[in-house]
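Each chain is listed here by its residues.
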Amino acid sequence: MVSGPAASGKSRWAEHLAHSSGYPVVVLVTGPDLPDDVSWQERLERHRQRRPSSWRTLEVGGGLCPGLLSLSPNELGLVDSLGTWVAAHLELEGGAWLAQVDTLVNTIQHVPSPLVLVSEETGWGVVPMTEAGGRFRDRLGALQQRLSPYCDGAWLVLQGRAINLVHLGLPVPPIEE
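What comes next concerns the included structure. (Residues numbered from 1 in each chain as written. Predicted model: local features only at pLDDT ≥ 70, side-chain atom pairs only at ≥ 80, totals over all residues. Heavy atoms only, no water.)

Moving on, we get to the overall build of the protein. Summing up its helical and strand segments, the protein has seven helices and seven strands in all. Starting at the N terminus, the α and β elements of the protein follow one another as β-α-β-α-β-α-β-α-α-β-α-β-β-α. In terms of overall dimensions, the protein is globule-like: its C-alpha atoms have a radius of gyration of 16 Å, near the 16 Å expected for 177 residues. Each of the three principal axes of the protein carries a C-alpha extent, and together these read 45 × 40 × 35 Å. (Helix = DSSP H or I, 4+ residues; strand = E, 2+ residues; numbered from the N terminus. Rg over C-alpha atoms; globule rule 2.2 N^0.38 Å.)

With respect to the element layout, serine 20 can be found in helix H1 (residues 10-20). Among the polar contacts listed, one links the side chain of serine 20 to the backbone oxygen of histidine 16, at a separation of 2.8 Å. (Polar contact = N/O pair within 3.5 Å; in protein donor to acceptor, adjacent residues only side chain to side chain.)

Bringing the pattern of salt bridges into the picture now. When the charged atoms of two side chains lie near each other, side chains of opposite charge can form a pair. Scanning the model with the defined rule gives eight salt bridges in all. Notably, a salt bridge pairs arginine 51 with glutamate 15, separated by 3.8 Å at the nearest N-O pair. Of this pair, arginine 51 sits in the loop between helix H2 (38-50) and strand E3 (56-59) while glutamate 15 sits in helix H1; the two residues are 36 residues apart in sequence, bridging distant segments of the chain. Judged by relative accessible area, arginine 51 falls into the buried class, the value being 13%. (Salt bridge = Lys/Arg side-chain N within 4 Å of Asp/Glu carboxyl O. Buried < 20%, exposed > 50% of the residue type's maximum accessible area, 1.4 Å probe, protein only.)

To continue, consider H1. Taken residue by residue, H1 has Lys10, Ser11, Ala14, Glu15 and Ala18 as its buried positions. What you see down the axis of H1 is that its buried residues fit within an arc of 135 degrees, all on one side. Of the residues flanking the end of H1, it is glycine 22, one or two places downstream, whose phi is positive at about 85 degrees. (Arc of directions from axis to C-beta.)

With that out of the way, let us pick up the sheet that holds strand E4 (residues 76-80). Strand order in the open sheet made by the seven strands is E3-E2-E4-E5-E1-E6-E7, with mixed pairing throughout. Whereas interior strands pair on both sides, the edge strands pair on one side only; in this sheet they are E3 and strand E7 (161-164). The sheet shows a mean angle of 20 degrees between the axes of neighbouring strands, direction not considered. Each of strand E1 (2-4) and strand E5 (115-120) is contacted by helix H6 (residues 131-147), which is oriented at about 155 degrees to E5, the strand it contacts most. (Pairing = 2+ DSSP bridges. Axes fitted to C-alpha atoms, helices over the stretch in contact; angles between N-to-C directions. Contact = heavy atoms within 4.5 Å.)

Turning our attention to the nonpolar core. Formed by 24 residues in total, the largest nonpolar core has its most connected members in Leu64, Leu68, Leu82, Leu104, Leu143 and Leu147. Secondary-structure elements contributing two or more residues to this core are strand E2 (25-29), helix H3 (64-69), helix H4 (82-88), helix H5 (94-110) and H6. No other element matches H5, which puts five residues into this core. Among residues more than four places away in sequence, those in contact with leucine 143 are Leu82, Trp85, Val86, Val101 and Leu104. Judged by nonpolar contacts, the second largest core, of 12 residues, contains Val2, Ala14, Val25 and Val27. (Core = buried A, V, L, I, M, F, W, Y, C linked by side-chain atoms within 4.5 Å.)

Structure below.
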């Protein structure tokens, strides 16, 4: 898993890891298309231009699980990003959201391909002003913690620098009930 705040270099680092793997890469894009949003389209184009032409791209939006299951064992899946996947399901209420997360976790555990997961870091000091913003922050943070045990690597990217959290950090103990 590669995480970091906006414009930190996390996607570039994830692309570096994918490229260095030696596998054919399939990028699973979870963000919306938003054809009328010029700045969003410019961001998408920068990402597209940076990737090697040999990489395949699947625009999966909120349908990440079927996209993951379409990977073959000899491919590496680069998921960019978990934050836009969470945003695609933000309208789901409690039980439906938890079922969606369970499905994703189960899918990731059974995908025969190596994966690189990109995720945004949120809530670094600013409390969201809206209920939806708080829901997004809480859900994304909980999803990262839920997926972390299944990841061989954990990278935090800040200011264009990648920090290996596996070598520098310790797991936070679970909440005892």
